[in-house]
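# Summary of the model geometry
Below, each chain spelled out in residue letters.
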Amino acid sequence: MSIQPKDLVEYAHGMLQPEGREVEHRNVVNRAYYGAFLAARDLANITGGSGSVHLKVIEYYRDKKSIIGNNLDDLKRLRQVADYEPQKNVTYHHAKKSCRIARKILRELES
């Protein structure tokens, strides 16, 4: 059985706990980003597995004057801190914000 990108966003939202540990907040940010990113990538029909595909997707939506590009970029920055900057704190606030942005991206993609 396969999953859909929106399943990752909903999984992230389900993991969101105010009293959660930082590692859980970091995982929420990561899953929220990848769910939104994959949904945006697939709808844009962009292929590729390298790091540059993330920028291609963001630029695709920015070129279309869509708010999705900026939202995805904001979400990506949060994910980069969560994944690559262990010296910085990732809080419940960051995790909640990531879920909010990811859900907003999914709604925009559906409209």
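As a reminder, the structure under discussion sits directly above these lines.
Quick caveat, the model's predicted, so the values are computed rather than measured.

Along the chain, the regular secondary structure elements total five helices and zero strands. Reading the helices (α) and strands (β) of the chain from amino to carboxyl end gives α-α-α-α-α. Computed over the C-alpha atoms, the radius of gyration of the chain is 13 Å, within 12% of the 13 Å expected from 2.2 N^0.38 for a compact globule of 111 residues. Seen along its three principal axes, the alpha-carbon backbone of the chain occupies a region of about 40 × 30 × 25 Å. Taken across its 111 residues, the chain has 40% of its residues classed as buried. Across the chain, every contact between residues at least 6 apart in sequence was considered, and the portion connecting residues at least 24 apart equals 63%.

With that settled, consider the environment of Glu 110. For Glu 110, the location among the structural elements is in helix 5 (residues 92–110). Spatially, the C-alpha atom of Glu 110 lies 13 Å from that of Pro 5, the residues being 105 residues apart in sequence.

The backbone of Asn 45 sits at a positive phi, close to 60°, despite the residue not being glycine. Counting through the fold element by element, Asn 45 comes out in the loop between helix 2 (22–44) and helix 3 (52–63). Look at Lys 65: it is not a glycine, yet its phi comes out positive at around 60°. Following the sequence through the fold, Lys 65 ends up in the loop between helix 3 and helix 4 (67–84). Given the relative accessible area of 76%, Lys 65 is considered exposed.

We now examine the environment of Gly 69. Relative to the elements of secondary structure, Gly 69 occurs in helix 4. You can call Gly 69 buried: its relative accessible area is 0%. Residues Gly 69 and Asn 45, spaced 24 residues apart in sequence, show a C-alpha to C-alpha distance of 15 Å.

With that out of the way, let us pick up the pattern of salt bridges. With the rule as written, the count across this model stands at 10 salt bridges. Ionic pairing is found between Glu 10 and Arg 103, a salt bridge with its closest N-O pair at 2.7 Å. With Glu 10 in helix 1 (residues 5–15) and Arg 103 in helix 5, this residue pair connects regions lying 93 residues apart in the sequence. Under the relative-accessibility criterion, Arg 103 is labelled partly exposed at 28%. Through salt bridges with shared partners, a single ionic network connects Glu 59, Arg 62, Asp 73, Asp 74 and Arg 77.

Ranked by internal contacts, the top residues of the largest apolar core, which has 30 residues, are Val 57, Tyr 61, Leu 72, Leu 75, Ile 105 and Leu 109. At the level of elements, helix 1, helix 2, helix 3, helix 4 and helix 5 are the ones that each hand at least two residues to this core. Ranked by residue count, the leading element in this core is helix 2, at nine residues.

Turning to the packing of aromatic side chains, a few remarks are in order. A full pass over the atoms with the stated rule returns four aromatic pairs. Ring geometry for Tyr 33 and Phe 37: centres 5.7 Å apart, planes at 15°, overall stacked. You can see Tyr 33 and its partner Phe 37 sitting in helix 2, four residues apart, about one turn around the helix. On the accessibility criterion, Phe 37 (3% relative accessible area) is buried. An aromatic cluster is built from Tyr 33, Tyr 34 and Phe 37, whose rings are joined through pairwise contacts.

Conventions and cut-offs
Residues numbered from 1 in each chain as written. Predicted model: local features only at pLDDT ≥ 70, side-chain atom pairs only at ≥ 80, totals over all residues. Heavy atoms only, no water. Helix = DSSP H or I, 4+ residues; strand = E, 2+ residues; numbered from the N terminus. Rg over C-alpha atoms; globule rule 2.2 N^0.38 Å. Buried < 20%, exposed > 50% of the residue type's maximum accessible area, 1.4 Å probe, protein only. Contact = heavy atoms within 4.5 Å. Salt bridge = Lys/Arg side-chain N within 4 Å of Asp/Glu carboxyl O. Core = buried A, V, L, I, M, F, W, Y, C linked by side-chain atoms within 4.5 Å. Phe/Tyr/Trp six-rings, centres within 6.5 Å; stacked < 30°, edge-to-face > 60°.

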